[in-house]
Amino acid sequence: MSAGPRRVVTADAAGTEALGAALARSFVADADRALLVGLSGELGAGKTTLVRGLLRALGVAGAIRSPTFSLLEVYATPAARVLHLDLYRLERADELASLGLGDFDEPGALWLVEWPERGAALLGSADLELRFAVTPVGHAIELVAYSEAGRRWLARLDPAPPAK
């Protein structure tokens, strides 16, 4: 399977959560560093919904809050420590320094960053970027890999739900 850019259209929130679950099934933590996934797109395009599906599939059973006001939520899962950042309300990239992100830049971690362009100067390059758009038939999500780890992850991705 090619690891080039892929486009998936989800008809509703359940489909977007299912894509998040598929990303979780194909996720393999990098033993050398944290992996960064950028989630870009307009408000209401499904970014947090996808994160919810991914976190549920990684084993998060409790509340999954959007970090719109806190900027950061941290989840411990069997697969990795996952950071969910929402930078929508960030006014300047240097505001990220107060979050202590360096404490979370560890091998095996997964960073899920909504609105990554607002913190790009301090975050660095994404391994995988998901670009969301609202269309008349649902949410169009383009998945683009920017690193070797991202290309391997995208190559493993099968968006179909597992057989029951």
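Residues numbered from 1 in each chain as written. Predicted model: local features only at pLDDT ≥ 70, side-chain atom pairs only at ≥ 80, totals over all residues. Heavy atoms only, no water.

**Quick notes on the side chain of Ser-147**
Tracing the chain through its elements places Ser-147 in the loop between strand 7 (138-145) and helix 4 (148-156). Within the structure, Ser-147 has its side chain in polar contact with the backbone nitrogen of Gly-150 (distance 3.0 Å). Excluding anything up to four places from it in sequence, Ser-147 contacts Arg-33 and Asp-127. (Helix = DSSP H or I, 4+ residues; strand = E, 2+ residues; numbered from the N terminus. Polar contact = N/O pair within 3.5 Å; in protein donor to acceptor, adjacent residues only side chain to side chain. Contact = heavy atoms within 4.5 Å.)

**Topic: unusual backbone geometry**
The bulk of non-glycine residues show a negative phi, and the bulk of peptide bonds are trans. The phi torsion at Trp-115 lies on the positive side, around 60 degrees, for a residue other than glycine. Turning to its location among the elements, Trp-115 is positioned in the loop between strand 5 (110-114) and helix 3 (120-123).

**Here's the deal with the pattern of salt bridges**
One pass over the structure, following the stated rule, counts 7 salt bridges. Ionic pairing is found between Arg-52 and Glu-17, a salt bridge with its closest N-O pair at 3.6 Å. Taken together, the residues span a long stretch of sequence, with Arg-52 in helix 2 (residues 47-57) and Glu-17 in helix 1 (residues 13-26) at a distance of 35 residues. Residue Glu-17 is classed as partly exposed on the basis of its relative accessible area of 29%. Of the charged contacts, one joins Arg-131 and Glu-129 as a salt bridge, the two residues approaching to 3.4 Å between their closest N and O atoms. (Salt bridge = Lys/Arg side-chain N within 4 Å of Asp/Glu carboxyl O. Buried < 20%, exposed > 50% of the residue type's maximum accessible area, 1.4 Å probe, protein only.)

**Thoughts on the sheet that holds strand 7**
The 7 strands are arranged 1-7-6-2-5-4-3 in an open sheet whose pairing can be described as mixed. The two strands at the open ends of the sheet, each matched to only one other strand, are strand 1 (6-10) and strand 3 (72-76). Between one strand axis and the next, the sheet turns by 20 degrees as a mean value, whatever way the strands run. Judged from the 5 bridges that link them, strand 1 and strand 7 form a sheet pairing that is antiparallel. Across the sheet, Arg-7 pairs through a bridge with Glu-142, a residue of strand 7. Taken strand by strand, helix 2 contacts strand 2 (35-41), strand 3, strand 4 (81-86), strand 5 and strand 6 (128-135), and its axis lies near 160 degrees from that of strand 5. Running over the sheet, helix 4 touches strand 1, strand 2, strand 5, strand 6 and strand 7 and is turned about 130 degrees from strand 7. (Pairing = 2+ DSSP bridges. Axes fitted to C-alpha atoms, helices over the stretch in contact; angles between N-to-C directions.)

**Comments concerning the side chain of Ser-40**
With respect to the helices and strands, Ser-40 occurs in strand 2. A relative accessible area of 13% means that Ser-40 is categorised as buried. Setting aside residues no more than four positions away along its own chain, Ser-40 makes contact with Lys-47, Pro-116, Glu-117, Glu-129, Leu-130, Arg-131 and Phe-132.

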